[in-house]
Amino acid sequence: MATYNQFVVTDAGRALLAKAVANKGTFTISSIKTSSHTYTQGEIAALYNLDDVKQSFPLASAMTIDGTTIKLQFNVTNVGLAKSYTLATLGVYAMYNNSETLFAVSTANNPDVMNAEQAGALVRNILATVYIKTSNASSISIAVDMDTYVTKAMLDAAEKKVLDLAHPIGSVYLQVGGTDPATAFGGTWKKIEGSYLIASGSYDGVTLKPGSRVGETRHEISLKEMPEHDHEGDTDHNGKHRHGTWGENPKYGGGPFGIYDNKPNHAGSNGGIDYDNLIYNTSTDGDHTHHFTTGKSGGGNPMRVMPLATVVDAWYRTA
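Basis of the calculations
Residues numbered from 1 in each chain as written. Predicted model: local features only at pLDDT ≥ 70, side-chain atom pairs only at ≥ 80, totals over all residues. Heavy atoms only, no water. Helix = DSSP H or I, 4+ residues; strand = E, 2+ residues; numbered from the N terminus. Contact = heavy atoms within 4.5 Å. Polar contact = N/O pair within 3.5 Å; in protein donor to acceptor, adjacent residues only side chain to side chain. Buried < 20%, exposed > 50% of the residue type's maximum accessible area, 1.4 Å probe, protein only. Pairing = 2+ DSSP bridges. Salt bridge = Lys/Arg side-chain N within 4 Å of Asp/Glu carboxyl O. Phe/Tyr/Trp six-rings, centres within 6.5 Å; stacked < 30°, edge-to-face > 60°.

Concerning the environment of Trp 189
Here is step 1: Tracing the backbone through its elements, the reader meets Trp 189 in strand β11 (residues 189–192).
Here is step 2: It is 9.0 Å that separates the C-alpha atoms of Trp 189 and Ile 169, two residues lying 20 residues apart in sequence.
Here is step 3: Setting aside residues no more than four positions away along its own chain, Trp 189 makes contact with His 167, Ser 171, Tyr 173, Asp 180, Pro 181, Ala 182, Trp 315, Tyr 316, Arg 317 and Thr 318.
Here is step 4: Within the local environment of Trp 189, its side chain forms a polar contact with the backbone oxygen of Gly 186, the two atoms lying 2.9 Å apart.

Put into structure tokens, the structure is as follows:
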């Protein structure tokens, strides 16, 4: 890579400084221009313009360092450059009375080539930093600091490194109403549609693996899942019947109506003696059944599984 010599202030540049020191006007650093022409150190002072100017870039920033020093920065790039050239000379220009004048010049040792911009080819961005230090018009010191250029491959690697740090492969990105994150961050992303997100690991006795799809949208409950409950209903009637035992005294109609002891020790219904009064000793009789019916309820449809949620667009990076 080329290195650049200290800037040499032109005679026109010193004249601008002298006017500024004498309060006879002000000037503004306006641009930096590149040239393929090679100059000797002795030729610079007399220059008013550069020969073979190839590109021009506006001042990117200016900062006052102290009472005598200012820092200027320019971004020199091959973006939009149609034809390659040798970057041999840099010229800083200043505006005075609506006229642009060459203020200072720096030449390169072992000039580098500024390649034309092509798809997939070299992309160059050079940050030119210029320090101008002066106490008066005759005492001027200008230093130049040129940062290294970067290639497209270097830019791609830097962008990928930033992407991998901020959104590593497998990371999830959430947004509302957005587009594919690849347009903003790069990488390859797949959209997650129609499902909730749940952390991997053990859940209720089930192992959840990252990337797997679990759960259901509708669920039919089983008998074991049904809440414990009771039913009420009505029974129907099933004939008439009696209960009793076999009688022991045929004198009073012994038969399946009770036990009779032929003793006057039982009060009758008319207040007298009732010799055939029933002694309380019976057995079952008249076998029968009852039918029990309950009413139906419920539609039997699967229930929807959807808790309250806010809908977002979800993506995860795959590459």
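Picking up after the structure, the text goes on.
Here's the deal with the pairing of strand β3 (residues 28–35)
Here is step 1: Across the eight residues of β3, seven count as buried, placing the element largely inside the fold.
Here is step 2: Note that β3 and strand β6 (residues 85–96) share seven bridges and pair antiparallel. Note on β6: the bridge partner recorded for Thr 34 is Leu 90.
Here is step 3: Pairing of β3 with strand β4 (residues 53–64) involves five bridges; the strand directions are antiparallel. Within β4, the position partnered with Ser 31 by the bridge is Pro 58.

Topic: the pattern of salt bridges
Here is step 1: Tallying each qualifying case throughout the model produces four salt bridges.
Here is step 2: Between Asp 164 and Lys 160 there is a salt bridge, and its shortest N-O distance comes to 2.8 Å. Placement of the pair is Asp 164 and Lys 160 together in helix α3 (residues 152–166), with a separation of four residues, close to one helical turn.
Here is step 3: Classification of Lys 160 by relative accessible area gives partly exposed; the value is 48%.
Here is step 4: The partner of Lys 191 in a salt bridge is Asp 313, with the nearest N and O atoms 3.5 Å apart. Linking Lys 191 in strand β11 with Asp 313 in strand β18 (residues 313–317), this pair joins segments that are 122 residues apart in sequence.
Here is step 5: A single network of salt bridges, built from pairs that share partners, joins Lys 160, Asp 164 and Arg 317.

Some thoughts on unusual backbone geometry
Leaving glycine aside, a negative phi is the common case for residues, and trans is the common case for peptide bonds.
Here is step 1: Here the phi dihedral of Asn 97 falls at roughly 50°; this positive angle occurs in a residue that is not glycine.
Here is step 2: Examined against the element boundaries, Asn 97 turns out to sit in the loop between β6 and β7 (99–114).
Here is step 3: Positive phi outside glycine occurs at Asp 204, with the angle close to 50°.
Here is step 4: Structurally, Asp 204 is set in the loop between β12 (201–203) and β13 (206–208).
Here is step 5: The class of Asp 204 is exposed, set by a relative accessible area of 74%.

Digging into the packing of aromatic side chains
Here is step 1: Overall, the coordinates contain three aromatic pairs when judged by the stated rule.
Here is step 2: Between the aromatic rings of Tyr 173 and Phe 185, the centroid separation amounts to 5.3 Å while the plane-to-plane angle is 80°, which identifies the pairing as edge-to-face. Of the two residues, Tyr 173 is situated in strand β10 (residues 172–175) and Phe 185 in helix α4 (residues 182–185); the sequence distance between them amounts to 12 residues.
Here is step 3: Of the residues examined, Tyr 173 reaches a relative accessible area of 24% and is grouped as partly exposed.
Here is step 4: Classification of Phe 185 as partly exposed rests on a relative accessible area of 33%.

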